[in-house]
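# Results of the structural survey
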Amino acid sequence: MLEFVYWVGMAAVAVNALTGVMEAERKAIDVMGATLVAVATALGGGTVRDVLLNRNILWIADRTFLITAVVCGVDAFFLISSC
């Protein structure tokens, strides 16, 4: 069950990174800015939750979440900009 929750979390990070890049594309932001928006969108809510609950920040404890956000952000930027 814990593995399922982990993969659902990864999927949520990927989808939120994609939505951040889509909004950045509407504003004509470059790849670096779009990646920053993707990471902020994908990890921001969980970071606020962890800080308010006084827990370890999830993406610092497990860097896979950060890597997923960056890779999905860059991939989405080039996929969207090529269309």
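What follows covers the overall build of the protein. Looking only at helices and strands, the protein features four helices and zero strands. Reading the helices (α) and strands (β) of the protein from amino to carboxyl end gives α-α-α-α. In terms of overall size, the protein behaves like a compact globule, its C-alpha atoms giving a radius of gyration of 13 Å where 83 residues would be expected to give roughly 12 Å. Taking all 83 residues of the protein together, 25% fall into the buried category. Side chains of the protein carry 5 positive and 7 negative charges; the gap between the two charge centres is 8 Å.

Which parts of space are left empty comes out when a probe the size of a water molecule is rolled across the atoms. As a volume, the largest pocket reaches approximately 260 Å³. Secondary-structure elements contributing two or more residues to the lining of the largest pocket are α1 (2–26), α2 (31–52) and α3 (58–61).

This brings us to a nonpolar patch on the surface. A grouping of Met1, Phe4, Val5 and Val8 is seen on the molecular surface, where their side chains present a nonpolar patch of about 460 Å² in accessible area. In this fold, Met1 is placed in the segment before α1. Using a relative accessible area of 78% as the deciding quantity, one classes Met1 as exposed.

This paragraph deals with the side chain of Thr47. Relative to the elements of secondary structure, Thr47 occurs in helix α2. At 2.7 Å, the side chain of Thr47 forms a polar contact with the side chain of Trp59. Non-local contacts of Thr47, meaning those with residues more than four positions away in its chain, are made with Ile57 and Trp59.

For the pair α2 and helix α4 (residues 64–82), interaxial distance at closest approach is 8 Å and the crossing angle is 135 degrees. In terms of orientation, α2 lies oblique with respect to α4. Remark: the crossing between α2 and α4 carries right-handed chirality. When α2 is examined against α4, the residues Val31, Ala34, Thr35, Ala38, Val39, Ala42 and Leu43 are found in contact with a partner set consisting of Phe65, Leu66, Ala69, Val70, Gly73, Val74, Phe77 and Phe78.

Attention now goes to the packing of aromatic side chains. Inspection of the entire model under this criterion finds three aromatic pairs. Feature note: the residues Tyr6, Trp7 and Phe65 constitute an aromatic cluster, connected by ring pairs.

On average, residues of the protein score 95 in pLDDT, and 100% of them are at 70 or above. The weakest mean pLDDT in the protein belongs to α3 at 93; the strongest belongs to α2 at 96.

Procedures and definitions
- Residues numbered from 1 in each chain as written.
- Predicted model: local features only at pLDDT ≥ 70, side-chain atom pairs only at ≥ 80, totals over all residues.
- Heavy atoms only, no water.
- Helix = DSSP H or I, 4+ residues; strand = E, 2+ residues; numbered from the N terminus.
- Rg over C-alpha atoms; globule rule 2.2 N^0.38 Å.
- Buried < 20%, exposed > 50% of the residue type's maximum accessible area, 1.4 Å probe, protein only.
- Lys, Arg positive; Asp, Glu negative; His and termini not counted.
- Charge placed at Lys NZ, Arg CZ, Asp CG, Glu CD.
- 1 Å grid on protein atoms, 1.4 Å probe; cavity = no way out; pocket = protein on both sides within 12 Å on 5 of 7 lines; lining within 4 Å.
- Points joined across faces, edges and corners; volume = space filled by probe spheres on them.
- Patch = residues over 30% accessible without salt bridge, like charges linked within 9 Å, V, L, I, M, F, W, Y side chains within 5 Å.
- Areas by Shrake-Rupley, 256 points an atom, 1.4 Å probe, with all protein chains shown as cover.
- Salt bridge = Lys/Arg side-chain N within 4 Å of Asp/Glu carboxyl O.
- Polar contact = N/O pair within 3.5 Å; in protein donor to acceptor, adjacent residues only side chain to side chain.
- Contact = heavy atoms within 4.5 Å.
- Axes fitted to C-alpha atoms, helices over the stretch in contact; angles between N-to-C directions.
- Parallel < 35°, antiparallel > 145°, perpendicular 65-115°, else oblique.
- Left-handed = near helix turned anticlockwise from the far one by under 90°.
- Phe/Tyr/Trp six-rings, centres within 6.5 Å; stacked < 30°, edge-to-face > 60°.
- pLDDT = per-residue confidence, 0-100.

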